[in-house]
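Tertiary structure, described
If you want the building blocks of each chain, they are given just below.
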Amino acid sequence: MTVNRYHHHFTVSWDQIHRDVRALCHQLVERNFQGIVAITRGGLIPAALIARELNIRLIDTVCIKSYDEQSQGKLDVMKGVDHDGDGWLLVDDLVDTGKTARAVREMLPKAHFVTVYAKPEGRPLVDQYLTEVAQDCWIQFPWDLGHAYVEPLVDQVRSPKP
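Residues numbered from 1 in each chain as written. Predicted model: local features only at pLDDT ≥ 70, side-chain atom pairs only at ≥ 80, totals over all residues. Heavy atoms only, no water.

So, on to the overall build of the chain. In terms of helices and strands, the chain carries 4 helices and 8 strands. Of the regular secondary structure in the chain, the N- to C-terminal order runs β-α-β-α-β-β-β-α-β-β-β-α. Projected onto its principal axes, the C-alpha coordinates of the chain cover approximately 60 × 35 × 25 Å. Counting only residues that meet the buried cut, the chain has 43% of its 162 residues in that class. By sequence separation, contacts in the chain at least 24 residues apart represent 63% of the contacts at least 6 residues apart. Split by element, the accessible area of the chain, about 9,500 Å² in all, is 52% carbon and sulfur. (Helix = DSSP H or I, 4+ residues; strand = E, 2+ residues; numbered from the N terminus. Buried < 20%, exposed > 50% of the residue type's maximum accessible area, 1.4 Å probe, protein only. Contact = heavy atoms within 4.5 Å. Areas by Shrake-Rupley, 256 points an atom, 1.4 Å probe, with all protein chains shown as cover.)

Looking now at the packing of helix H1 (residues 14-28) against helix H2 (residues 44-54). Their axes nearest at 9 Å, the elements H1 and H2 cross at an angle of 50°. On the basis of the axis angle, H1 is oblique to H2. As for the relative orientation of H1 and H2, their crossing is right-handed in sense. Along the contact surface, H1 presents Trp14, Ile17, His18, Val21, Arg22, Leu24, Cys25 and Leu28, while H2 presents Ile45, Pro46, Leu49, Ile50, Glu53 and Leu54. Of the residues in the contact of H1 with H2, the class split is 11 nonpolar, 1 polar and 2 charged. (Axes fitted to C-alpha atoms, helices over the stretch in contact; angles between N-to-C directions. Parallel < 35°, antiparallel > 145°, perpendicular 65-115°, else oblique. Left-handed = near helix turned anticlockwise from the far one by under 90°. Nonpolar A, V, L, I, M, F, W, Y, C, P; charged D, E, K, R; others polar.)

Here the focus is the environment of Ile59. For Ile59, the location among the structural elements is in strand S3 (residues 59-68). Sequence spacing of Ile59 and Ala38 is 21 residues, and the spatial spacing of their C-alpha atoms is 7.3 Å. Setting aside its immediate chain neighbours within four residues, Ile59 contacts Ile36 and Ala51.

Within a pair of aromatic rings, the relevant descriptors are the distance that separates the centres and the angle that separates the planes. One pass over the structure, following the stated rule, counts 5 aromatic pairs. Measuring from ring centre to ring centre gives 5.9 Å for Tyr117 and Phe141, while their planes differ by 50°; the resulting arrangement is tilted. Of this pair, Tyr117 sits in strand S6 (residues 112-118) while Phe141 is found in the loop between strand S8 (137-140) and helix H4 (153-158), placing the two residues 24 residues apart along the sequence. Joined through ring pairs, the aromatic side chains of Phe10, Trp14, Tyr117, Phe141 and Trp143 make up one cluster. (Phe/Tyr/Trp six-rings, centres within 6.5 Å; stacked < 30°, edge-to-face > 60°.)

Here the structure, examined in full by the defined rule, presents 8 salt bridges. A salt bridge links Asp60 to Lys79; its shortest N-O distance comes to 2.8 Å. On the criterion of sequence distance, the pair formed by Asp60 in strand S3 and Lys79 in strand S4 (residues 71-79) is long-range, its members being 19 residues apart. With a shortest N-O distance of 3.0 Å, Arg105 and Asp127 are connected by a salt bridge. You can see Arg105 sitting in helix H3 (residues 99-107) and its partner Asp127 sitting in the loop between S6 and strand S7 (128-132), a full 22 residues away along the chain. On the basis of relative accessible area, Arg105 is assigned to the buried category, the value being 18%. (Salt bridge = Lys/Arg side-chain N within 4 Å of Asp/Glu carboxyl O.)

Moving on to H2. Of all the residues in H2, the buried ones are Pro46, Ala47, Ile50, Ala51 and Leu54. Along the axis of H2, the buried positions cluster into a sector of 135°, meaning they face one direction only. Positive backbone phi, at 55°, marks Asn55, one or two positions downstream of H2. (Arc of directions from axis to C-beta.)

Mapping Lys119 onto the fold places it in the loop between S6 and S7. Using a relative accessible area of 1% as the deciding quantity, one classes Lys119 as buried. Apart from the residues within four sequence positions on either side, Lys119 is in contact with Tyr6, Leu94, Val95, Asp96, Val133, Ala134, Gln135, Cys137 and Trp138.

Remember, this is a structural readout, not a statement about activity or role.
Okay, here's the thing in structure tokens:
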């Protein structure tokens, strides 16, 4: 899969991810979970926020790599867990094509799987999500971005192009 599959971009700010995770927690607050399993790396921040909002102290990780910037490659499971997920909340930032979600579902078939954002191809693999995003949309999360100086518009327009 290549970068060309993304025709739209959606930038999520720190404030937005916090608001979205809290909204997701409102849907989970009546349930009792013995712990959280975060899918690294993207699930770490949402899992920490969920742990705070639901007052869950036990957090584990499943470490999987499937993306290198915007290119999805082969799945590399670097760390699993030693249970089937019964009573656990499984958390990721996004379900995209479902490649990672399928692998984690096999590892933790009894976990309650939530993501903050879901794309149509992966959506059926999660139990709950907050916001659906188009399949051709690249989500830019705040932990992947930095602040940089931007020239004033007038200088951008008037500057000679090389």
